[in-house]
Amino acid sequence: MAQKTLLKGRVLSFTGSPFEGEPTEAVKISGAVLVEDDRISAVGDAESLRANNPEANVVDHGQNVIMAGFVDAHVHYPQTAMIASWGKRLIDWLNTYTFPEEMKFGDPAYAGEIANRYLDLTAAHGTTTMCSFCTIHPESVDAFFTAAQKRNQRVVAGKTCMDRNAPEGLRDTAQTGFDQSQKLLENWHGIDRLSYAITPRFSPTSTPEQLEAMGALWADYPHCLMQTHLSEQTDEIAWVRELFPEARDYLDTYEKFGLLGSNGLYGHVIHLEARERDRLREVDAALIHCPTSNTFIGSGLFDMAGLMRDGHRVGLATDTGGGSSFSMLRTMAAAYEIGQLRGAPLHAAQLLWLSTVGSARSLRMDDCIGNVAPGMEADLIVLDLASTPAIAQREACAENLWEAIFPTIMMGDDRAITEVWIAGQRVSN
Ligand code: GUN
Ligand code: ZN
């Protein structure tokens, strides 16, 4: 017999894209969602779902919002312990804070400790799926997948390959990068809810030989995702130009080695040239916006309005620990602020869509996660729209649902997440 739970509340699901037409029309609010084992089996009117499923356990969340768990499309779980490190821009930040911390992940015990710490923190913030860079150490990948598998969590991760411009102890080679990535992919990809992503860190830390090897690996496993960084800071772009004098632009350093494709995820993509935008659109690559990182490291302002208008596939991400938060609520707030600085404020429905459906689409997983609909995997969160006195007093004078939700997006944190469900199981929060 299936285990059935009926969650009652304001169930928020998307019936379309809030970037096409009136944003609120892409959203449907229902009275309840029925969870059967690890899946959502029905969404609809609470009374009739109750009548048709008298054996179901009922949990009444009152006015709280029930929605899909957040999907964080670009993170570095190994940067958990050095989040919020002061005062550096990208390249100095990597050398000063990031690389010394990543050096520790050859130790499986440490990698396991941080993987579990990271998954505890993100679950408390309502994130149920993430796509993570690991470190060059295979142990860091094993630790992350092992921790996620125990929690029955849908995650994507890969060994971060680097064979130059990184310290001794944090470099592989074109060959070992290929071999270790392939072995990890074979061991983990498609097991339970785990997926492997081929992960060259970014062009400055890979030789042409390594980029070529990564491209060859992707050609062997084209159904896998490939994740990297692109066009984050102007100094980085100038460095790429020096390192690859033949390349037409930054994207070309990936393109010419077979690292541009529809299953590719490109983090940051702030200072794109016209050719790069056109090519990314042509191949239907995923662009990942990391707003707290872009302000924290001082990178620049992502062109959400322009890229959405041109039909790009965009996901939202914390970029922990270049990003300054584990919270997708805080991340949506930063995306809103960057929109404002560019003269294009995002609607609350668009922000929620980006952090669920949008990110799931960028991972090519929108058929199973990121929305509340029959047949989807039951990764759900419950949002309290009055989680602190400051938010509650604003919510109290809201005139509609969207005005009630927006203060939680702008000012909310883990206190707003009252319940989290992963694969149909309630996770303690
Ligand atoms: N570019 C290459 N590596 C990184 C990283 O770890 N974080 C960020 N924000 N950008 C990068
Ligand atoms: Zn990153």
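Note: the structure precedes this text.
Bear in mind that the values here come from a model prediction, so they are computed numbers and not experimental data.

Asker: For the overall build of the protein, give the residues involved together with the corresponding values.
Answerer: When you go through the protein residue by residue, the secondary structure sums to 15 helices and 16 strands. Taking 429 residues into account, the globule formula puts the C-alpha radius of gyration at 22 Å, and the protein, at 21 Å, falls close to it. Overall size of the protein, expressed as C-alpha extent along the three principal axes, is 65 × 50 × 40 Å. Pairs at least 24 apart in sequence give 75% of the contacts found in the protein among residues at least 6 apart. Accessible area of the protein: about 15,500 Å², with a carbon and sulfur share of 48%. For the protein, the centre of its 35 positive side-chain charges and the centre of its 56 negative side-chain charges are spaced 1 Å apart.

Asker: Provide a residue-level description of the packing of helix 12 (residues 328-341) against helix 13 (residues 348-362), including the pertinent values.
Answerer: Each pair of packed helices can be described by the angle between their axes along with the distance between the axes. As a packed pair, helix 12 and helix 13 sit with axes 10 Å apart at the nearest point and diverge in direction by 130 degrees. Between helix 12 and helix 13, the interaxial angle falls into the category oblique. Remark: the crossing between helix 12 and helix 13 carries right-handed chirality. In this structure, helix 12 contributes M328, M332, A335 and Y336 to the contact, and helix 13 contributes L351, L352 and S355.

Asker: So what's going on with the coordination of the zinc ion (ligand 2)? Residues and values would help.
Answerer: Put simply, a metal with four donors set out as a tetrahedron has ideal angles of 109.5 degrees, and one with six donors set out as an octahedron has ideal angles of 90 or 180 degrees. Coordination sphere of the zinc ion (ligand 2), protein contribution only: H74 (NE2), H76 (NE2), H229 (NE2) and D319 (OD), at 2.0 to 2.5 Å. Around the zinc ion (ligand 2) sit four donor atoms, and with donor-metal-donor angles ranging over 91 to 161 degrees the site reads as irregular. Each donor residue of the zinc ion (ligand 2) lies on the same chain, and together they follow the pattern H-x1-H-x152-H-x89-D. With H74 in strand 5 (residues 70-76) and H229 in strand 10 (residues 225-230), this pair connects stretches of sequence that are 155 residues apart.

Asker: Can you lay out the site of ligand 1 for me, pointing to particular residues and giving the numbers?
Answerer: For ligand 1, the set of nearby residues contains 13 residues, the closest of which are H76, Q79, R201, E232 and D319. R201 places a side-chain nitrogen or oxygen 2.7 Å from an oxygen atom of ligand 1. E232 has a polar side-chain atom sitting 2.7 Å from a nitrogen atom of ligand 1. Burial of ligand 1 by the protein chains amounts to 100% of its free accessible area of 280 Å². Grouping the amino acids of the shell around ligand 1 by side-chain chemistry returns five nonpolar, five polar and three charged.

Asker: Talk me through the nonpolar core; I want residue IDs and the actual numbers.
Answerer: Within the largest apolar cluster, 105 residues are counted, with the highest numbers of intra-cluster contacts made by Y77, F144, Y266 and L280. The residues touching L280, leaving out its near neighbours within four places in the chain, are L230, L251, L260, Y266, V269, L272, A285, L287 and H312. Ranked by size, the runner-up nonpolar core spans 16 residues in total, among them A73, L225, L265 and L363.

Asker: Describe the pattern of salt bridges, and please don't skip the residues or the numbers.
Answerer: With the rule as written, the count across this model stands at 28 salt bridges. Of the charged contacts in the structure, one is a salt bridge between D249 and R275, with a shortest N-O distance of 2.6 Å. Linking D249 in the loop between helix 7 (234-243) and helix 8 (250-255) with R275 in helix 9 (residues 274-283), this pair joins segments that are 26 residues apart in sequence. On the basis of relative accessibility, which here comes to 23%, the residue R275 falls in the partly exposed class. Of the charged contacts in the structure, one is a salt bridge between R279 and E255, with a shortest N-O distance of 2.8 Å. Residue R279 is found in helix 9, and its partner E255 is found in helix 8; the two are separated by 24 residues along the sequence. Residue E255 is classed as buried on the basis of its relative accessible area of 18%. It is possible to trace a salt-bridge network through shared partners that takes in R248, D249, D252, E255, R275, R279 and E282.

The rules behind these values
- Residues numbered from 1 in each chain as written.
- Chains lettered and ligands numbered in written order.
- Predicted model: local features only at pLDDT ≥ 70, side-chain atom pairs only at ≥ 80, totals over all residues.
- Heavy atoms only, no water.
- Helix = DSSP H or I, 4+ residues; strand = E, 2+ residues; numbered from the N terminus.
- Rg over C-alpha atoms; globule rule 2.2 N^0.38 Å.
- Contact = heavy atoms within 4.5 Å.
- Areas by Shrake-Rupley, 256 points an atom, 1.4 Å probe, with all protein chains shown as cover.
- Lys, Arg positive; Asp, Glu negative; His and termini not counted.
- Charge placed at Lys NZ, Arg CZ, Asp CG, Glu CD.
- Axes fitted to C-alpha atoms, helices over the stretch in contact; angles between N-to-C directions.
- Parallel < 35°, antiparallel > 145°, perpendicular 65-115°, else oblique.
- Left-handed = near helix turned anticlockwise from the far one by under 90°.
- Donors = N, O, S within 2.8 Å, 3.2 Å for Na, K, Ca; no water.
- Tetrahedral: all angles 85-135°; square planar, octahedral: opposite > 155°, others 65-115°.
- Near = heavy atom within 4 Å.
- Polar contact = N/O pair within 3.5 Å; in protein donor to acceptor, adjacent residues only side chain to side chain.
- Nonpolar A, V, L, I, M, F, W, Y, C, P; charged D, E, K, R; others polar.
- Core = buried A, V, L, I, M, F, W, Y, C linked by side-chain atoms within 4.5 Å.
- Buried < 20%, exposed > 50% of the residue type's maximum accessible area, 1.4 Å probe, protein only.
- Salt bridge = Lys/Arg side-chain N within 4 Å of Asp/Glu carboxyl O.

Interpretation note: all reported values are geometric properties and have no functional meaning in isolation.
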